[in-house]
Amino acid sequence: MSRTAKIVILFIAVIAIGWGIGKYTTPSPSASQEEGASAGTGNELQAPPVAQPEASPEPAAVPEPTAVATAEPQQTDSPAAGGPTAAPSVQPADPAPTAKPAATAKPAATAKPSGGSGSADAELTAAEPDSVTVMVNKQYKLPDGYKPADLVYPDVPFLFSEKIEKRMMRKTAAAALEKMFAGAKSDGVYLAGVSAYRSEKTQTTLFNNYVKRDGEVKARTYSAVPGHSEHQTGLAIDVSGSDGKCAAESCFGGTKEANWLADHAAEYGFIIRYPEGKQAITGYKYEPWHIRYVGKDIAVDIAARGITLEEYYDAVPVSN
């Protein structure tokens, strides 16, 4: 072999060896690129991790709702904490309706059902029997055995002289009665008491006698079932002229005494308890002689509007 041939073969061998070395060493740089990407040198591969740190501020948004929620505890009646904060601020005005309990001062609302379905025939017991505004009728009764603690003898003429229970009235009503009798006298009208306070026991005897005489259906149109009589409150009284004519009778209507009572009783805190034409509401026929003390303000209002106590308290009509 010539020297030239040897040189060519050696050259080729060197090239071949160099090519082989390059082939097996180039993978290392590409591997180092992948490691560098995981270290943050490759932006495209790193995009997902970068997005996650940016999402981390969102948790910071969580405190914002909690901050809103902490501002709302004063508005506990507004469960929608996610809504506009202006909306809850309007709701504190809602408690204003709690001022309406003033309406609960009306006796019709102070009665407690003693049982039943709540129909017109249901019996209810007055929760505040000592109130001068107590409602007593065919639905509302007084507690069993109730007797006012402040009964006195009003200083006015009666058709009898004995100091017995039906001459008594509660102190406040008695004082108002004295003023009313004096006012009538100054107008030339002379009144007399017929029957005021009546115990439950007396009412039982009286009602049973009426039932024997006229039957229960008719008796109920003019006499109360025991426990349901206004006379038992000590706030009601039957009145007549001093001559006693037509005492507690229908002929009392139209007399000067009856007319005076209709025109002036309210000035002293009394009302004609069972007005004419209101039997379907009160449950009793017209009784121009039966007056009931309720206080001047209520009496004047009822008289001016021409209504009954039931209508004033927006109670269910009694009917028969």
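Our structure's up above, just so we're on the same page.
Residues numbered from 1 in each chain as written. Predicted model: local features only at pLDDT ≥ 70, side-chain atom pairs only at ≥ 80, totals over all residues. Heavy atoms only, no water.

Some points on the sheet that holds strand E8 (residues 270-274)
Item 1. A sheet is described by the order of its strands in space; here four strands give the open sequence E6-E7-E9-E8, paired in antiparallel fashion. In the strand order of this sheet, the two ends are held by strand E6 (191-195) and E8, each with one partner. Taken over all neighbouring pairs, the strand axes of this sheet differ in orientation by 45 degrees on average, direction set aside.
Item 2. Where strand E7 (residues 236-241) and strand E9 (residues 287-293) come together, three bridges link them in antiparallel fashion. Residue pairing for E9: Ile237 is matched across the bridge by Ile291.
Item 3. The sheet strands contacting helix H10 (residues 256-264) are E6, E7, E8 and E9, and the helix crosses E6 at an angle near 90 degrees. (Pairing = 2+ DSSP bridges. Helix = DSSP H or I, 4+ residues; strand = E, 2+ residues; numbered from the N terminus. Axes fitted to C-alpha atoms, helices over the stretch in contact; angles between N-to-C directions. Contact = heavy atoms within 4.5 Å.)

Comments concerning the pairing of E8
Item 1. Burial analysis of E8 places four of its five residues in the buried class, the great majority of the element.
Item 2. Direction of pairing for E8 relative to E9: antiparallel, over a ladder of four bridges. If you follow Ile271 over to E9, its bridge partner there is Arg292. (Buried < 20%, exposed > 50% of the residue type's maximum accessible area, 1.4 Å probe, protein only.)

Quick notes on unusual backbone geometry
Item 1. Phi is positive for Cys246, close to 60 degrees, though the residue is something other than glycine.
Item 2. Checked against the element boundaries, Cys246 lands in the loop between E7 and H10.
Item 3. The phi angle at Ala248 is positive, at roughly 55 degrees, despite the residue not being glycine.
Item 4. Looking at where Ala248 falls in the secondary structure, it is placed in the loop between E7 and H10.
Item 5. What makes Ala248 partly exposed here is its relative accessible area of 35%.

Some points on the pattern of salt bridges
When the charged atoms of two side chains with opposite charge come close together, those side chains can pair.
Item 1. In total, this model carries 10 salt bridges according to the counting rule given.
Item 2. Asp150 is the salt-bridge partner of Arg170, the closest N and O atoms lying 3.0 Å from each other. Taken as a pair, Arg170 in strand E5 (residues 169-170) and Asp150 in the loop between strand E3 (140-141) and strand E4 (151-152) lie far apart in primary sequence, 20 residues in all.
Item 3. Given the relative accessible area of 10%, Arg170 is considered buried.
Item 4. Asp150 gets classed as partly exposed once you look at its relative accessible area, which sits at 27%.
Item 5. Among the ionic pairs, Lys278 bridges to Glu311, the shortest N-O distance being 3.2 Å. Of this pair, Lys278 sits in the loop between E8 and helix H11 (279-282) while Glu311 is found in helix H13 (residues 309-312), placing the two residues 33 residues apart along the sequence.
Item 6. Taking relative accessible area as the criterion, Glu311 reaches 28% and is therefore assigned partly exposed. (Salt bridge = Lys/Arg side-chain N within 4 Å of Asp/Glu carboxyl O.)

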